[in-house]
Amino acid sequence: MTKRALVDDWFTNRLSGRTKLFETGRIYDASTNNAFILRLNALVAASARNDKLRPPGDLAAAILAGGKLNEHAELVVFGRWLLIDNMPGFQSKGGRKIDPHLVIKTVAVAVAELRTFSDPGEGISGTAASSARITKNDLARWWTKLYHEPAQPMQFDARLRSMRSILPAYLDHLKSGKMEHTGVSIKKSPQLEKVLAAITPSIAKTKTGVAIPTTSAIASPPTPTSEPKASLPAILSPFEIELDYSSTDRKAGYRNASNGSIAASNLRYQPKHVTSSSSTGSIRKDLEGRIVLKPEMSIRDTFEVRALIDRMVILINTRNITTKTQIKNVIDREVGAITFVHDLTIRRTDGKPDWRDQLPAPQAGKKTGQHFAIMIQDPDSENLVTILDIIDREHGIDGEIVPFLLELSIDFYPRDPRSPEEAILLREQMVGLLQRHHWASHDLLLSNDVGTPAYADARQIYGKSSKPRYLFSRNDDDRTNSDARISSDTVRGRILNAKPGNDLYLDATVYKGIRFSPFLISIQNKIADRRNHDRKTLTPLPLEECRARIEVTLTGREQLKERGFSTIDDLAELSFRKMRISLLQFKLGTLAPQQHLLNEAIRQMTTRGIYGMELKERAHHQDERKQVRLTTGKMPRNKDRESLGLVDWQEMNTVVGHALDELGRYWHDFSWAKRLKD
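Residues numbered from 1 in each chain as written. Predicted model: local features only at pLDDT ≥ 70, side-chain atom pairs only at ≥ 80, totals over all residues. Heavy atoms only, no water.

Peer 1: Please set out the sheet that holds strand β15 (residues 509-512) residue by residue, giving values where relevant.
Peer 2: In spatial order, the strands read β9-β10-β8-β11-β19-β16-β15-β13-β14; together these nine strands make up an open sheet with antiparallel pairing. Single-partner strands in this sheet number two, and they are β9 (339-343) and β14 (469-470). Summarising the sheet, strand β13 (residues 459-461) and β14 pair through two bridges and their orientation is antiparallel. Paired with Q460 across the two strands is R469, which belongs to β14. This element, helix α20 (residues 650-667), spans β8 (303-317) and β11 (402-414) of the sheet and lies at about 50° to β8. (Pairing = 2+ DSSP bridges. Helix = DSSP H or I, 4+ residues; strand = E, 2+ residues; numbered from the N terminus. Contact = heavy atoms within 4.5 Å. Axes fitted to C-alpha atoms, helices over the stretch in contact; angles between N-to-C directions.)

Peer 1: Help me get a handle on the packing of aromatic side chains, residues and values and all.
Peer 2: Enumeration according to the criterion identifies 11 aromatic pairs in this entry. Arranged with centres 6.0 Å apart and planes meeting at 25°, the rings of F78 and W81 form a pair that is stacked. One end of the pair is F78 and the other is W81, both in helix α3 (residues 74-84) and three residues apart, which spans about a single turn. Judged by its relative accessible area of 0%, F78 is buried. Residue classification places W81 among the buried residues on the basis of a relative accessible area of 0%. Here the aromatic rings of W143 and Y147 are separated by 4.7 Å at their centres, their planes lie at 70°, and the arrangement is edge-to-face. Taken as a pair, W143 and Y147 lie in helix α6 (residues 136-147) at a separation of four residues, close to a single helical turn. For the pair shown, W143 and Y147 are each scored as buried. Members of the aromatic cluster, connected to one another through ring pairs, are F78, W81 and Y170. Here the guanidinium or amino end of K328 rests over the ring plane of F340, the centre of that ring lying 5.8 Å away. Its end group placed over the ring of W439, K587 keeps NZ or CZ at 5.2 Å from the ring centre. (Phe/Tyr/Trp six-rings, centres within 6.5 Å; stacked < 30°, edge-to-face > 60°. Buried < 20%, exposed > 50% of the residue type's maximum accessible area, 1.4 Å probe, protein only. Lys NZ or Arg CZ within 6 Å of the ring centre and 35° of its normal.)

Peer 1: Now, about the pattern of salt bridges: what can you tell me, with residues and values included?
Peer 2: Under the counting rule described, the total for this entry stands at 40 salt bridges. By sharing partners, the salt bridges in this structure join D310, D411, R547, R549 and E551 into a single network. (Salt bridge = Lys/Arg side-chain N within 4 Å of Asp/Glu carboxyl O.)

Peer 1: Lay out the pairing of strand β7 (residues 291-295) with the relevant residues and their values.
Peer 2: Burial runs high along β7: four of the five residues are buried. Where strand β6 (residues 265-273) meets β7, five bridges bridge the pair, whose relative direction is antiparallel. Its bridge partner lying in β7, Y269 is registered against P295. Here two bridges tie β7 to strand β20 (residues 585-591), and the two strands are oriented antiparallel to one another. Looking at the pairing, V292 lines up with T590 of β20.

Peer 1: Tell me about the confidence of the model for the protein, and please be specific about residues and values.
Peer 2: Per-residue pLDDT for the protein has a mean of 84; in total, 85% of the residues score no lower than 70. No element of the protein has a lower mean pLDDT than strand β4 (residues 211-213), at 36, and none a higher one than strand β12 (residues 438-439), at 98. Taken together, the stretch residues 119-130 has pLDDT below 50 and engages in 20 contacts with residues farther than four places along the chain or on a different chain. Per-residue pLDDT stays below 50 along residues 203-230; that stretch engages in 42 contacts with residues further than four places along the chain or on separate chains. (pLDDT = per-residue confidence, 0-100.)

Peer 1: Please set out α20 residue by residue, giving values where relevant.
Peer 2: Taking 1.5 Å of rise per residue, 18 residues should cover 26 Å, and α20 covers 26 Å from first to last C-alpha, within 8% of that figure. Among the residues making up α20, those that are buried are E651, M652, N653, V655, V656, G657, A659, L660, L663, G664 and W667. (Expected span 1.5 Å × (residues − 1).)

Peer 1: How would you sum up the packing of helix α7 (residues 156-175) against helix α8 (residues 190-199)? Please name residues and give values.
Peer 2: The interhelical angle for the contact between α7 and α8, taken along N-to-C directions, is 145°, at an axis separation of 10 Å. Where α7 crosses over α8, the handedness of that crossing is left-handed. Mapping the contact onto sequence places L160, M163, R164, L167, P168, Y170 and L171 in α7 and L192, E193, V195, L196 and I199 in α8. Its residues assigned to classes, the contact of α7 with α8 shows 10 nonpolar, no polar and two charged. (Left-handed = near helix turned anticlockwise from the far one by under 90°. Nonpolar A, V, L, I, M, F, W, Y, C, P; charged D, E, K, R; others polar.)

Peer 1: With reference to specific residues and values, describe the environment of I166.
Peer 2: Considering the arrangement of structural elements, one finds I166 in helix α7. What makes I166 buried here is its relative accessible area of 0%. Placed 30 residues apart in sequence, I166 and L196 show a C-alpha to C-alpha distance of 9.7 Å. Setting aside anything within four residues of it in sequence, one finds I166 in contact with F78, W81, L82, M87, F90, I98 and V103.

Peer 1: Mind laying out α6, listing which residues take part and the relevant values?
Peer 2: A rise of 1.5 Å per residue sets the reference length of α6, with its 12 residues, at 16 Å; its end C-alpha atoms lie 16 Å apart and thus fit the reference within 8%. Judged by how many residues are buried, α6 sits mostly within the fold: nine of 12 residues are covered. Considered for burial, the residues of α6 that qualify are K136, N137, D138, L139, A140, W142, W143, L146 and Y147. At the N-terminal boundary of α6, the capping side chain belongs to T135, with an oxygen 3.2 Å from the backbone nitrogen of N137. One or two residues past the end of α6 sits H148, with phi positive at roughly 60°. (Polar contact = N/O pair within 3.5 Å; in protein donor to acceptor, adjacent residues only side chain to side chain.)

Peer 1: Report on the side chain of R159, specifying residues and quantitative values.
Peer 2: On the secondary structure map, R159 appears in helix α7. On the basis of relative accessibility, which here comes to 6%, the residue R159 falls in the buried class. Reaching out from R159, the side chain makes a polar contact with the backbone oxygen of Q155 at a distance of 3.4 Å. Apart from residues no more than four positions distant in its own chain, R159 is found in contact with L102, T106, W143 and E242.

Peer 1: Can you break down the environment of H395 residue by residue, with the values?
Peer 2: By secondary structure assignment, the location of H395 is in helix α12 (residues 381-395). Judged by relative accessible area, H395 falls into the buried class, the value being 9%. Between the alpha carbons of H395 and T318 there is a distance of 5.9 Å; along the sequence they are 77 residues apart. Aside from chain neighbours lying at most four places away, what touches H395 is T318, R319, N320, T322 and I327. Within the structure, H395 has its side chain in polar contact with the side chain of T322 (distance 3.5 Å).

Here it is in structure tokens:
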């Protein structure tokens, strides 16, 4: 614990004994919203380092004449309106859902900053406070002081917008007289009125008398005019990316409604100069002088990583004529495994796309009832052998058993969490990391195109909608072009001119690759099992089984054969680690050490991760080549390639590789010897 944190605790403990408006304890350990509010209020009061404060004994004593609140009660009342009463009178305008815990923490930071403007002895009503201006730089500085968490000014753009939206609604609610305590109306919150004024751009007039907003309340300090903005060196200080859900209802469902007071999730990054990862100590020429954005988390120490086969489809020919129902019924009766059986000779009529779309058609003349595709959920070496034995016993297996689909899952479980709340936060952080740092070959995902190539692009599906939200949105005139087609002027334009985009939501499933095609990757926050989207049913998982998951699905005999999986007995010698090449890798983004590029990289990591950083880097490279040709008449050498500007995230790749090795060792003793029948 830092010295400053110890001092905070000392002052908080001293002040909390004097009033019911404060509570001793860390805000992140608060079990209820009321405790969170009182602890936050105590933390702000303690930041003044004034042991002589004499706050009112309780909220009733803090309501002054005319319904005006004492300054030490304002955060308490605001917090109750915000977190407990669910913001009566506030009308949401759509867009990203507001995190109320983040809002009150930011308001608390603004209050702490505002008090530094007060005249000595005058309290918050001082004349300097009435004309104060609070910038996002002020908020970032005080955030670090108050919560001992590093923050970047640019993180407060959205938070300032939320405050400017919520505070007027709260103050109007007070003016309406609808807020009461012990029968007494609360009508005025002077301190928060000054906060709103301090974060609202002031109005200035031009010589023509036209009112224009100034930017003093939100802008960073002016940069030196002698140095162009683009060449300012990057400040290599840590920054955080906030994680959130697509709605408050979804958040409650994923966190469990009883855990409503859990702190907001975030990912902390430390920009560092790229260093060598080789024994020679040399750095790749294209990485010299660049900085890398690395998460500040030890994956190996924090998570247990497990690999498994989640689904498998095998192709079987039977000597005896049977039906898919007979095969499934005997498996259900004797094994209890979850299976789906399809007769390859029977044409489907339901029209719904699913795994059967890619199944091969049998050769002409093949009889119905002898050629089947069987999907097995959660296969293990024991139940797989039993299933094959049953089919062979009942119907006879003719020829080799050929794998057609393999779905590998990598699960991340928090390692020894100290509390249920910590387990939830760690799982959310890992989901955020998987969403932002997974990399797969664009060319591989686009190979053997099925339908429109653009359908392979990274996208997320969340909430009640099944409509994908692509990380880079596209217009009607380029809907068929994939993000990876960097040579296209239209594609480069949409990447380079893209708006910030939606956040990567913790309740979303992120997909890469075309569904029901040779390769598909999905990332999810797994809190339920056996989810049936058609029937809208699922089985909730206990907290200890909830995990962050990434899945890689390989479909097709040729794709599996290329990776050493030609027949079912190859499972014993299969290198699962090699199967991940170009599909299941994790990388970090790098950039030139300039502040404007760092700011852009933080935006990309918030909404697109390294997917956005890589494509922006490649698009910039191609545009720069064209600009040089226009200037000099010569086109520079094309250095564009997949993963341009990225480096391997060695720790993550190592732990995933080890998990896949363990999976290989598990299947090493598998064998199924086909019985020859007379």
